[in-house]
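Examination of the molecular architecture
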Amino acid sequence: TNEHTYQKMLAARRVLYLAFAPTRTSLFPRTAAMFSTDNSKPASAKKGKASVTAATSETAKSTFNAAINIAGVTGAAGRYAKALFSAAAKENSVDKVAEELNNVTELASKSKAFEYFLKDPTIAKLEKKQRMTSFLQEAKYSALTTQFFGAMAENGRLVETANVAEAYGRILSQQRGEVQATVTTAQEPSADQLKRLTKALSGYLKPGEKLLLKTRVDPEILAGFKIDMGEKHFDLSVLGRIQTLKRIADEPI
């Protein structure tokens, strides 16, 4: 019933609050071609792999469809990430592709020149494609990742690299049964607070799911905490309460 759901929500919010309560002492036209299958192999080789291909195709299809409603997998980056994940699932290389995506984004974070190259709109798309694919081939990246970045460059989407990597990671986490949650606090939480918070948030997990908890410090929230967990959002920060009171005070009587 609605009353039961409401009471369950209140109970969960109380547990979350206690965890941080103060103590008394304190694409797609051009990218579609990129994922086309190779039909040049002999018929005998294809026949031997028919059942495996069918199984991986079904897996790719199901993972692609499941990715549609994942929080944070939206927009152009989300579409590219879904297409890449579907192709990687067909090749049974989702983990390898994830590693390569992360390597590219890490390089962009460490090299201003590479970051500028990815974002520079003045470089011709075909030139970007040639330079990007040459770099990845020399670095021994997989053919799928190399082709994917070539398509991204050709479509003028290299600027979305970090967002694509993040969206891909979200899809991969869902397939592994992982649920990502980010808790924001005004100062570093203690080990005991994290332990209680993890226990409280685990109540929202479905059977077989695993919680991945990340922390972020933002002094601007003053005190308390905020939690983002999939599509769920909890704001029990002092700043959040002040903003709520301000909205109420601004409402006409």
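Before reading further, recall that the structure is shown in the block above.
The rules behind each value
Residues numbered from 1 in each chain as written. Predicted model: local features only at pLDDT ≥ 70, side-chain atom pairs only at ≥ 80, totals over all residues. Heavy atoms only, no water. Helix = DSSP H or I, 4+ residues; strand = E, 2+ residues; numbered from the N terminus. Buried < 20%, exposed > 50% of the residue type's maximum accessible area, 1.4 Å probe, protein only. Areas by Shrake-Rupley, 256 points an atom, 1.4 Å probe, with all protein chains shown as cover. Axes fitted to C-alpha atoms, helices over the stretch in contact; angles between N-to-C directions. Parallel < 35°, antiparallel > 145°, perpendicular 65-115°, else oblique. Contact = heavy atoms within 4.5 Å. Nonpolar A, V, L, I, M, F, W, Y, C, P; charged D, E, K, R; others polar. Salt bridge = Lys/Arg side-chain N within 4 Å of Asp/Glu carboxyl O. Phe/Tyr/Trp six-rings, centres within 6.5 Å; stacked < 30°, edge-to-face > 60°. Pairing = 2+ DSSP bridges. Right-handed = clockwise from strand over helix to strand, strands pointing away.

1. Quick word on the overall build of the protein chain
Check the secondary structure of the protein chain and you find twelve helices and four strands. Scored against the burial criterion, the 253 residues of the protein chain give a buried share of 36%. Summing over all exposed atoms, the protein chain offers an accessible surface of approximately 15900 Å²; the carbon and sulfur share of this is 55%.

2. Quick word on the packing of helix H5 (residues 75–90) against helix H6 (residues 94–110)
A pair of packed helices is characterised by two quantities: the angle between their axes and the separation of those axes. Interhelical geometry of H5 versus H6 gives an angle of 135° and a closest axis separation of 8 Å. Considering their axes alone, H5 and H6 lie oblique with respect to each other. In this structure, H5 contributes Leu84, Phe85, Ala88 and Ala89 to the contact, and H6 contributes Val94, Val97 and Leu101. In terms of residue class, the contact of H5 with H6 is built from seven nonpolar, no polar and no charged.

3. Some details on the pattern of salt bridges
Pairing is possible between side chains of opposite charge, provided their charged atoms come close. Taken as a whole and judged by the stated rule, the model has nine salt bridges. Where lysine 110 meets glutamate 106, a salt bridge forms, and the shortest distance between an N and an O atom there is 2.9 Å. Highlighted residues: lysine 110 and glutamate 106, both in helix H6, separated by four residues, approximately one helical turn. With a relative accessible area of 63%, lysine 110 lands in the exposed category. Of the charged contacts in the structure, one is a salt bridge between glutamate 154 and lysine 129, with a shortest N-O distance of 3.1 Å. With glutamate 154 in helix H9 (residues 143–154) and lysine 129 in helix H8 (residues 125–138), this residue pair connects regions lying 25 residues apart in the sequence.

4. Observations concerning the packing of aromatic side chains
The description of an aromatic ring pair uses the distance of the two centres, along with the angle that the planes make with each other. Taken as a whole, this structure holds six aromatic pairs when the rule is applied. Judged by centre distance (6.4 Å) and plane angle (20°), the ring pair of phenylalanine 114 and phenylalanine 117 falls under stacked. Here phenylalanine 114 and its partner phenylalanine 117 are both found in helix H7 (residues 112–119), three residues apart, which amounts to about one turn of the helix. What makes phenylalanine 114 buried here is its relative accessible area of 11%. For phenylalanine 117, a relative accessible area of 9% gives the class buried. Three or more aromatic residues joined by ring pairs form one cluster here, namely Tyr80, Phe148 and Phe149.

5. What to know about the pairing of strand E2 (residues 210–217)
It is a general feature of regular strands that their side chains alternate between the two faces of the sheet. The pairing of strand E1 (residues 178–185) with E2 spans eight bridges and is parallel. The residue bridging threonine 185 from the neighbouring strand is valine 217, located in E2. Taken together, E1, helix H11 (residues 191–201) and E2 form a β-α-β motif whose crossover is right-handed.

6. Focus on the pairing of strand E3 (residues 225–229)
Every second residue of E3 is oriented toward a common face, the buried set being Phe225, Ile227 and Met229 and the non-buried set Lys226 and Asp228. Pairing geometry for E1 and E3, over five bridges, is antiparallel. Directly across from alanine 181, in E3, lies its bridge partner methionine 229. Across four bridges, the pairing between E3 and strand E4 (residues 232–235) is antiparallel. Paired with isoleucine 227 across the two strands is phenylalanine 234, which belongs to E4. Hairpin connection of E3 to E4: two residues between the antiparallel strands, including glycine 230 at a positive phi of 65°.

7. Some details on the sheet that holds E3
The mixed open sheet is built from four strands, whose spatial order is E2-E1-E3-E4. Unpaired on one side and paired on the other, E2 and E4 mark the two borders of the sheet. Each strand axis lies, on average, 15° off the axis of its neighbour in the sheet, ignoring direction. Strand contacts of helix H10 (residues 161–175): E1 and E2, with the helix running at about 120° to E1, the strand carrying the most contacts. On top of the sheet, H11 reaches E1, E2 and E3; it is set at about 135° to E2, its chief contact.

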